[in-house]
Amino acid sequence: MTTRPMTRTGVLLALGFAAGISTPWVASAQAVAPPQRGVSPQADLVRAAGTITEADYLRKVGVIAHDSMGGRDTPSAGLEKTAEWIAAEFRRMGLRDGVGDGSFVQRYPLRSLVVDLDRSALTGGPVRLAYGRDIIPLLGTDVGGEATGGVVVVSGSRDLGRAIQDNASTLRGQHAILVLAASAPGVDQEAFRTALTLRNAGARSVMVTSSAGDADWAAATDRSMEPSVARGWIPAGDAGPFRPILIVRTASLGRLLQNSGIDIVSLQARATEPVRIQVAPRMALTLTQTTREETITAPNVVGIVEGSDPTLRNEYVVFSAHMDHIGIGTPDARGDSIFNGADDDASGTIAVVEIAEAMASLANKPRRSMLFLLVSGEEKGLWGSEYFANNSTVPTDRMVANLNLDMVARNWTDTIVAIGKEHSDLGATLERVNAAHPELRMTAIDDLWPEESFYTRSDHYNFAVKGVPVLFFFNGTHPDYHGRDDEVERIDGEKAARIARLVFYLGAEIGNTDARPRWNPESYARIVNTRR
């Protein structure tokens, strides 16, 4: 599930990186359960739901949440292997390709960008600080530009909000230099949050001081030169304003400020005191950042089980989950550098794969078609689902519902949150289906965390704003969220299999009902109409 975009930041903060592990992967060899002709539709549904088992679920999660997939970052070799494996599963199950060219994989464009160190610099009067040697980008590496402004120097760490409020006009449009303690090992999360707050308050750029040694600085420079990735369908000039956050070597900064009257050493000493924002008199800096870019692509996987009704088969129930995660970071104390994302979101991905297998095994297919969509780029900002919603391989207005699963294999054993129940009559349909299957021992409840705005933070949202009624199945976060310990052995496969069966029954119900799901008019006006 997506949070606020972070990409390389966490790795740079720690000034280090480790490569992933390469291990062979194999496609599943398990046969699809054969349909039983002549049985009643209800018995057929129960038989098909029974193909979703804990053992099969856990085995498949173990494939894509394995170290060999390298944390499934977008883009990465591990993500490509994950997409290939899912496509092979869909082909084995007998699904129709959902792309229309004989392929199950839809590719969408990305821009790979890297900062050109030779053509980027910070200058003030006769002093020039070079990218790489003196200064490196931390956030904003996907945007080039030039920014000239005065200088404010920020020191201390307490009462930041008050300091910004008292100095709002002083800060706006200026380059802000955030001075950390001389003993600070690097730019930790607190320093990064402070820098982000200063930028959001109007600073043209924020430069955070670093007293790192030569070896650590060199490692950070190498990491900053790794390409960042941006959506390829957003023109470079529309990527946003040039307001980067950078790391500057304290010794290099001394050369820049030597005639300003600013004493860096005394400012470092007040690192635990209230925040102070002071103007560096008669100083102006020009920051120039140039990027190089190339076009690359990332995968979505799309498969379809054709509906049985000659008319309604042209409408679709969409099941979705994101197959990507956050990739590889710095090793922990055990040497583990891979974020395998078993719950986030191998759990939802394999639930969709299991539902697809169950649907494909039905002798009596639902009247509407079932579309199974595994997207990438969710962790970067819902990229894959955004692209699919705007470049769908089937008409969006023929999508009658989107059932999205993101993190469904942790926390309570008997409860799953269904976010969005109040926005359409899908909520009532879910409650009816849930009540009809007490054997699942699963209760779907309303959103417990409306203040977190989870409704806008997973892939269903890109369908909702297109007018497709949605439900988002989510078990909430936990201490391993976006951590290295989100591993297969920590997920509850038995619970997740029951949730997958519930969503299977729900999808079949939606697929067989005469009327399409209907929006709550107030919700439609707020979520859909305002964004069209």
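Numbering of residues begins from 1 in every chain and follows the order in which that chain's sequence is written. Per-residue local features of the predicted model are confined to residues with pLDDT of at least 70, and side-chain atom pairs are confined, for both listing and counting, to 80 or more; whole-chain, interface and lining totals are unaffected and use all residues. Excluding hydrogens and water, the side-chain figures rest on all heavy atoms present in the structure.

Enquirer: Please give an account of the sheet that holds strand S5 (residues 135-139) that cites residues and values.
Expert: Backbone hydrogen bonds are what pair the strands of a sheet, in a parallel or an antiparallel way. Read across the sheet, eight strands follow the order S4-S3-S11-S6-S7-S8-S10-S5 without closing on themselves; strand pairing throughout is mixed. One side of each edge strand has no neighbouring strand; the edge strands of this open sheet are strand S4 (127-130) and S5. Put simply, the sheet's adjacent strands are angled 30° from each other on average, direction ignored. Pairing analysis gives four bridges linking strand S7 (residues 175-178) to strand S8 (residues 205-210), with the strands arranged parallel. Here, a strand pair is defined by DSSP locating no fewer than two bridges between the strands. Secondary structure is summarised from DSSP: a helix means a run of H or I of at least four residues, a strand means a run of E of at least two, and numbering begins at the N terminus for each. Angles shown run from 0 to 180 degrees and are taken between the N-to-C directions of axes, each axis being a line fitted to C-alpha atoms and, for helices, limited to the stretch in contact.

Enquirer: So, the packing of aromatic side chains: which residues are in play, and what are the values?
Expert: Here a pair means two rings of Phe, Tyr or Trp (six-membered ring of Trp) with centres within 6.5 Å. Their orientation is stacked below 30 degrees between planes, edge-to-face above 60, and tilted elsewhere. As enumerated under the stated definition, the model contains 15 aromatic pairs in all. Centroid distance Phe-319 to Phe-372: 4.9 Å. Interplanar angle 10°. Geometry classified as stacked. One end of the pair, Phe-319, is in strand S13 (residues 316-322); the other, Phe-372, is in strand S14 (residues 369-375), and 53 residues separate them in sequence. No difference in accessibility class separates Phe-319 from Phe-372, as the two residues are buried. Three or more aromatic residues joined by ring pairs form one cluster here, namely Trp-412, Trp-449, Phe-454, Phe-472 and Phe-474. For every residue, the accessible area obtained with a 1.4 Å probe (protein chains only) is divided by the maximum for its type, and the residue is called buried under 20%, exposed over 50%, and partly exposed between those limits.

Enquirer: Summarise unusual backbone geometry; cite the residues concerned and give the values.
Expert: A negative phi holds for most residues other than glycine; trans holds for most peptide bonds. The peptide bond linking Thr-74 to Pro-75 adopts the cis configuration, its omega dihedral lying at -5°. With an omega dihedral of -5°, the bond running from Asp-344 to Asp-345 counts as a cis peptide bond. Following the sequence through the fold, Asp-345 ends up in helix H11 (residues 342-360). We note that Met-407 has phi near 70°; this positive angle belongs to a residue other than glycine. Looking at the secondary structure, you find Met-407 in the loop between strand S15 (399-405) and strand S16 (415-419).

Enquirer: Lay out the nonpolar core in plain terms, naming residues and giving numbers.
Expert: Ranked by internal contacts, the top residues of the largest apolar core, which has 68 residues, are Phe-90, Phe-319, Met-359, Phe-372, Phe-473 and Phe-504. Excluding anything up to four places from it in sequence, Phe-319 contacts Val-352, Ile-355, Met-359, Met-370, Leu-371, Phe-372, Leu-373, Asn-402, Leu-403, Val-503 and Gly-507. Only buried residues count toward a nonpolar core. Its members are Ala, Val, Leu, Ile, Met, Phe, Trp, Tyr and Cys residues joined through side-chain atoms within 4.5 Å. The contact rule is simple, with two residues in contact once any of their heavy atoms fall within 4.5 Å.

Enquirer: Give a description of the side chain of Gln-289 that names residues and reports values.
Expert: Within the secondary structure, Gln-289 sits in strand S11 (residues 276-289). What makes Gln-289 buried here is its relative accessible area of 2%. In protein, a polar contact requires one atom able to donate a hydrogen and another able to accept it; more generally it is a pair of N or O atoms within 3.5 Å, and residues adjacent in sequence count only if both atoms are side-chain atoms. Among the polar contacts listed, one links the side chain of Gln-289 to the backbone oxygen of Gly-140, at a separation of 3.0 Å. The contact partners of Gln-289, leaving out residues within four places of it in the chain, are Val-115, Ser-120, Tyr-131, Pro-137, Gly-140, Thr-141, Val-143, Gly-144, Gly-145, Phe-242, Pro-244 and Leu-246.

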